[in-house]
Amino acid sequence: MLRTLCRAGCAVLKNSQCTVPRLWVTPGQQRWASHLPMNTVVLFVPQQEAWVIERMGRFHRILEPGLNFLIPILDRIRYVQSLKEIVIDIPEQSAISLDNVTLQIDGVLYLRILDPFKASYGVEDPEYAVTQLAQTTMRSELGKLTLDKVFRERESLNSNIVHSINQASDEWGIRCLRYEIKDIQVPPRVKESMQMQVEAERRKRATVLKSEGTREAAINVAEGCKQSQILASEGEKAEQINKAAGEAQAILAKAEAKSKALRLLSAALAEQNGNAAASLSVAEQYVCAFSDLAKVSNTVLLPSDTGDVSGMVTQAMTIYSTLSKPTLKVQSVKTETDEPSEEPPVRATSAQ
């Protein structure tokens, strides 16, 4: 008997559910059905639905999802509330901004029923009430902003609308989750002026960026010239320093080499037949000098006896003997003053 009653109740419930729309439906459908689920004693409530039960015309309880039992005739299913997140399309409406611009704006409202009792007995038509509340709140919030801020502060505008709706819908057991503005339409003339403003702003940015680029390029070129001049001067300075150091080292090397050569030459002249070797060297230099005549310049000064090589060598050796006499005299004077010697001083004789 009980099994047959349960099967009959399930069949009646399924037939009733096919014809009964929920509380929140599309705008083209009716919100309430002509018939609610019948009391078949044994009822199966779907998940995320709340069935409000009245007993003898007075609120009794809310059925939980799953298996439930009711008393025939006394208990009646009065309201069926959906606990899912509900989407309501807010119709397009006109609003005036703070700078007296008429806007056509629409949106989408997302809400959820938190208290089925308040949603059933707190307001007659929750969908219509929330829709009207969203429209009036959106109109009042738009009146606080200028046209430019409406586009820049859409997130803050949405949050303000949600906060205002929740303050009024708490008594209805409804919680507004979020509000999104779908479209904002402005008058054609205002749109043209906004487009001109955007183009002017973009041209201004392009001009500013171009001038900044020119300035940066000029600065970079000047910095490059400055750095190149500094590096060139440092390089020239280092080159001069290196050149001077090289010349100094070369002079020292030449002086040392010349000093060694003079020592060797003096030692060679002090030996036997030194004068003959000096005469031979002078003769060779004389011949080499004549071989280089008229190579650098066309003007040449020649002595009268150019072909007399022996006379030139004798003259050179005479000059050498004359220059060496004071040195020998000084040495002899020093020898007589410091250490007296019995030997007579040596006199230099000129080579004949």
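This structure is a prediction, so every number in the text was calculated from the model and none was measured.

(A) Region of the structure containing the side chain of Gln93. The topology assignment puts Gln93 in strand β6 (residues 86-96). Exposure remark for Gln93: the relative accessible area of 6% places this residue in the buried category. In this structure the side chain of Gln93 is engaged in a polar contact, spanning 3.1 Å, whose partner is the backbone oxygen of Gln135. Other than its neighbours up to four places away in sequence, Gln93 contacts Leu103, Gln104, Ile105, Gln135, Met138 and Arg139.

(B) Examining the sheet that holds strand β3 (residues 58-63) more closely. An order of β3-β2-β5 is seen for the 3 strands of this open sheet, with the pairing classed as antiparallel. The open sheet is flanked by β3 and β5 (75-82), the only strands paired with a single partner. Each strand of the sheet is rotated relative to its neighbour by a mean of 30°, with strand direction disregarded. Where strand β2 (residues 49-55) meets β5, 7 bridges bridge the pair, whose relative direction is antiparallel. Paired with Ala50 across the two strands is Gln81, which belongs to β5.

(C) The arrangement of the pattern of salt bridges in detail. All told, the structure shown has 8 salt bridges when counted by the stated rule. Across the pair Arg178 and Glu85 runs a salt bridge whose closest N-O atoms are separated by 3.0 Å. Taken together, the residues Arg178 in strand β8 (residues 174-185) and Glu85 in the loop between β5 and β6 connect sequence positions 93 residues apart. Salt-bridge contacts for Arg215 lead to Glu216; the nearest nitrogen and oxygen are separated by 3.8 Å. Here the salt bridges do not stand alone but share partners, grouping Glu85, Arg112 and Arg178 into one network.

Each value, and the rule that gives it
Starting from 1, residues in each chain are numbered consecutively following that chain's sequence as written. Reporting in this predicted model follows two pLDDT cut-offs: at least 70 for local features of residues, and 80 or more for side-chain atom pairs to be given and counted; totals over whole chains, interfaces and linings ignore these cut-offs and use all residues. For the side-chain quantities, the full set of heavy atoms in the structure was used; hydrogens and water were omitted. For helices the rule is a DSSP run of H or I covering at least 4 residues; for strands it is a run of E covering at least 2, with both sets numbered from the N terminus onward. Think of it in three bands: with a 1.4 Å probe and only protein chains considered, a residue is buried below 20% of the maximum accessible area for its type, exposed above 50%, and partly exposed in between. Whenever a nitrogen or oxygen atom comes within 3.5 Å of another N or O atom, the pair is scored as a polar contact, on the condition that within protein one atom can donate a hydrogen and the other can accept it, and that pairs from neighbouring residues in sequence are kept only if both atoms are in side chains. Here, two residues are considered to be in contact whenever any of their heavy atoms come within 4.5 Å of each other. Only when DSSP finds a minimum of two bridges between them are two strands counted as paired. Angles shown run from 0 to 180 degrees and are taken between the N-to-C directions of axes, each axis being a line fitted to C-alpha atoms and, for helices, limited to the stretch in contact. Any carboxyl oxygen of Asp or Glu within 4 Å of a side-chain nitrogen of Lys or Arg constitutes a salt bridge here.

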